[in-house]
Amino acid sequence: MFKKLRADIAAAKENDPAARSKFEIWLTYSGVHALSWHRWAAFLYRHHLKLLARITSQLARRLTGIEIHPAAKIAPGVFIDHGMGVVIGETAEVGKGTVIYQGVTLGGTGKETGKRHPTVGEYCLISSGVKVLGNIYIGDYAKIGAGAVVLKDVPPHATVVGVPGKVVRIRGSKEGLDLLQETSDPVTAEVCKLRERSFELEARLDAVTKELENVRREQLDGMYEENEDLMRMHAEDEERYSRLEETVSALSREKEQEDALLASISQENANLREQVKELQDSAASREKEAAETPAENADADKSADKSADKSVEEVIEENKALKEYMAEYTARKQAREMRREARRLAREQAAMAAAAEEASGEVVHATQVHNVYLEKQPVQAEPTVDAVTIPVPAEDSAPAEQEAEACPGPAENEPVAEEGPVSVTIPAAPEDEEEE
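1. Notes on the overall build of the chain
Then, number 1: Looking only at helices and strands, the chain has eight helices and 15 strands in total.
Then, number 2: Per-residue burial for the chain yields a buried fraction of 28% across its 436 residues.
Then, number 3: A sequence separation of at least 24 residues applies to 46% of the contacts in the chain between residues at least 6 apart.
Then, number 4: Counting every atom, the chain has about 28500 Å² of accessible surface; 55% of that belongs to carbon and sulfur.

The structure is reproduced here in C-alpha cells:
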C-alpha cells in the first residue's frame, strides 16, 4: 500500500512542474487522494465486500471529483492532474507512468458486455476532455490530444487527434500513416463528397459564367447591329427629307413658271382687248364717215365693216381657244403632279410608320421629327383655273346699232341682253383619270 502511494507521489512530482514537495502532494493533490481511496476500495472489492467498496468509491468521488470503479485496474505511478470530472469504468486498465488530465472518460459504448472498457498502455498521455470508449487498446507512449474521441485501437508511440480520433504522427513522423487510417471513415467520406460537390459546383458556375458572357456578348452585338440599323435608317430619313426639300423646291419653281405663264396670258388678253377696242373705234369712225359720204360708197363700207367684224371674231375665237388650251393644260398638269406627289408622300409615310413600329425609341423620335417637318412644310394644292373672263367694254349706242346691222341679230322670241361689259367664259378642263 505505502509502496504504491510513494510511486503515485513520485509520478506527480515528476509530471507536475508546480509540485514543490512530496508532503505538499500528499496533502493537497486530489488525484493522489483519489488513487489512495481507489486502492482501499479495490482491496474491499477483491475480498467480496463490493457494497462497502462502492460506498468508498462514491465517498472518494464526493471528496475529489474523480470517479473510479473499484474493479478498475490502475498500476502504480499513474498521475491524475487536477482530476475533476475523470471517470474510469469497471473493466478499464491503466498502465504505469500514464498521465490523465481533467475531464477524461475511460468508458464503454453501452453495447458490450464483459470487457467493455479500454486498456491504456504504459507512459501514455491522455489530455483533457478525451473520451476513450469501448474495448480498445491504447499503445505504450501514445499521446491523445485534447477533446479527441477515440473509438479504434491506437498503435504505440502514436499521436491521435480529432473526432473521431485519427493518428497524425508515429514517433513524431507522418510516414506510413496511410496504412493505419480507416478507409471507411465517415467523416473523410463526407469531406470527399463535399470536395467533389464543390468541384462540381465550381464547374457549373464556370459554365454558367461563360454562358452569361456569351449572352451578354450576343446582346452587345445585337445592340451594335440595332444601332447600325438605326443610324442607317436615320441616314435614309435624312435622304428622304432632302428629296422632299428638292421636290418642294421643284414644285415652287414650277409654280413660279406657271405664274409667269399666267401673267403672260393675262398680258396677251390685255393686248387683245386693246386690239378689239381699236377695231371697234375704227369701225365706229368708218361708220361715221359712211354716214357723211355719198350712197355709192355704202356698199364698200359695208363690205369693209363685215371684214373687220370677221377679223375681230376670229381674234376673239383664237384668244378663247388659246385660253381654253392653256387653262386645260395647266389644270391637268397641276392635278397630275398633285396626285403623284400625294401618292409618293403616302407611300413614304407608310414605310416610315412601319419602320418606326419595329425600331426603338430613337426611330420613334425620328418619325416625330419627320412629322414636325411635314407640319412646318406642308404641300399646298394649286388652285384650279375654272374660267377666264375677258371683259369687253361697251361702246356707244350708235356704233352698236351699226354693228348690229352688219351682224344678224337674235330671234324675235330670244331675250336681248342688257348693255354693259361683254365677258367671254372659258370652261375648266376636266380632270384626267388617276394615273396608275
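Now that the structure is up, let's keep going.
2. Some thoughts on the nonpolar core
One recurring pattern in soluble globular proteins: nonpolar side chains tend to sit buried together.
Then, number 1: Within the largest apolar cluster, 30 residues are counted, with the highest numbers of intra-cluster contacts made by Leu 106, Ile 138 and Ile 144.
Then, number 2: If you list the elements that add at least two residues to this core, you get helix H3 (30–46) and strand S14 (158–161).

3. A word on the pairing of strand S15 (residues 166–170)
Then, number 1: Note: S14 against S15, four bridges, orientation antiparallel. Within S15, the residue paired with Val 160 across the bridge is Val 167.
Then, number 2: Once S14 ends, the chain turns through four residues before running back antiparallel as S15, passing Gly 162 with a positive phi of about 95°.

4. As for unusual backbone geometry
Then, number 1: Omega for the bond connecting Val 163 with Pro 164 falls within 30 degrees of zero, at -10°, which places this linkage in the cis form.
Then, number 2: With respect to the helices, strands and loops of the structure, Pro 164 is situated in the loop between S14 and S15.
Then, number 3: The backbone of Tyr 141 shows a phi angle near 60°, a positive value even though the residue is not glycine.
Then, number 4: Within the secondary structure, Tyr 141 is located in the loop between strand S11 (137–138) and strand S12 (143–144).
Then, number 5: You can call Tyr 141 partly exposed: its relative accessible area is 42%.

5. Comments concerning the environment of Pro 186
Then, number 1: Position of Pro 186 among the secondary structure elements: in helix H5 (residues 186–292).
Then, number 2: Residue classification places Pro 186 among the exposed residues on the basis of a relative accessible area of 56%.
Then, number 3: Along the backbone, Pro 186 and Pro 164 are 22 residues apart, and their C-alpha atoms lie at a distance of 9.5 Å.

6. Some thoughts on the sheet that holds strand S8 (residues 119–120)
Then, number 1: Spatially, four strands are ordered S2-S5-S8-S11 in an open sheet, and the strand pairing comes out parallel. The sheet terminates laterally at strand S2 (73–74) and S11, the two strands that pair on one side only.

7. Considerations on the side chain of Thr 98
Then, number 1: Inspection of the secondary structure puts Thr 98 in the loop between strand S5 (93–94) and strand S6 (99–100).
Then, number 2: Other than its neighbours up to four places away in sequence, Thr 98 contacts Gly 77, Val 78, Phe 79, Val 120, Gly 121, Glu 122, Tyr 123 and Cys 124.

8. Quick look at the pairing of S14
Then, number 1: Side chains Ala 158 and Val 160 project from S14 onto a buried face, and the interleaved Thr 159 and Val 161 project onto a face without burial.
Then, number 2: Pairing of S12 with S14, which is carried by two bridges, proceeds in the parallel orientation. Bridging across to S14, Ile 144 finds its partner in Val 160.

9. Structural notes on the sheet that holds strand S1 (residues 67–68)
Hydrogen bonds along the backbone pair up the strands of a sheet, which may run parallel or antiparallel.
Then, number 1: On the basis of which strands lie adjacent, the open sheet formed by five strands has the order S1-S4-S7-S10-S13 and parallel pairing. In this open sheet, the two edge strands, each paired with only one partner strand, are S1 and strand S13 (149–150).
Then, number 2: When S1 meets strand S4 (residues 87–88), the two strands line up parallel, connected through two bridges. Across the sheet, residue Ile 68 finds its bridge partner in S4, namely Ile 88.

10. Considering helix H1 (residues 2–15)
Then, number 1: Helix length check: H1 (14 residues) gives 20 Å between terminal C-alpha atoms against 20 Å at 1.5 Å per residue, within 8%.
Then, number 2: Along H1, the positions that sit buried rather than exposed are Leu 5, Asp 8, Ile 9, Ala 11 and Ala 12. Down the axis of H1, the sector holding all buried residues measures 155°, keeping them to one side. Exposed residues pointing more than 90 degrees away from the buried face of H1 are listed as Lys 3, Arg 6 and Glu 14.
Then, number 3: For H1, the elements touching its buried residues are helix H2 (22–28), H3 and strand S3 (79–80).

11. Section: a negative patch on the surface
Then, number 1: A contiguous patch of negative charge on the surface is contributed by Glu 218, Asp 221, Glu 225 and Glu 228.
Then, number 2: As for its position among the elements, Glu 218 is in helix H5.
Then, number 3: Owing to a relative accessible area of 57%, Glu 218 belongs among the exposed residues under this scheme.

12. Thoughts on the packing of aromatic side chains
Then, number 1: Enumeration over the complete set of coordinates arrives at four aromatic pairs.
Then, number 2: Between Tyr 29 and Phe 79, the ring centres sit 6.4 Å apart and the planes meet at 35°, which makes this aromatic pair tilted. Here Phe 79 lies in strand S3 and Tyr 29 lies in the loop between H2 and H3, a separation of 50 residues in the sequence. Both residues of the pair, Tyr 29 and Phe 79, belong to the buried class.

13. As for the pattern of salt bridges
Then, number 1: Tallied over the full model, the rule gives 13 salt bridges.
Then, number 2: Arg 197 is the partner of Glu 200 in a salt bridge, and the nearest nitrogen-oxygen pair spans 3.6 Å. Highlighted residues: Glu 200 and Arg 197, both in helix H5, separated by three residues, approximately one helical turn.
Then, number 3: Under the relative-accessibility criterion, Arg 197 is labelled partly exposed at 41%.
Then, number 4: Note that Arg 232 is salt-bridged to Asp 229, the shortest N-O span being 2.4 Å.

Criteria and cut-off values
- Residues numbered from 1 in each chain as written.
- Predicted model: local features only at pLDDT ≥ 70, side-chain atom pairs only at ≥ 80, totals over all residues.
- Heavy atoms only, no water.
- Helix = DSSP H or I, 4+ residues; strand = E, 2+ residues; numbered from the N terminus.
- Buried < 20%, exposed > 50% of the residue type's maximum accessible area, 1.4 Å probe, protein only.
- Contact = heavy atoms within 4.5 Å.
- Areas by Shrake-Rupley, 256 points an atom, 1.4 Å probe, with all protein chains shown as cover.
- Core = buried A, V, L, I, M, F, W, Y, C linked by side-chain atoms within 4.5 Å.
- Pairing = 2+ DSSP bridges.
- Expected span 1.5 Å × (residues − 1).
- Arc of directions from axis to C-beta.
- Patch = residues over 30% accessible without salt bridge, like charges linked within 9 Å, V, L, I, M, F, W, Y side chains within 5 Å.
- Salt bridge = Lys/Arg side-chain N within 4 Å of Asp/Glu carboxyl O.
- Lys, Arg positive; Asp, Glu negative; His and termini not counted.
- Charge placed at Lys NZ, Arg CZ, Asp CG, Glu CD.
- Phe/Tyr/Trp six-rings, centres within 6.5 Å; stacked < 30°, edge-to-face > 60°.

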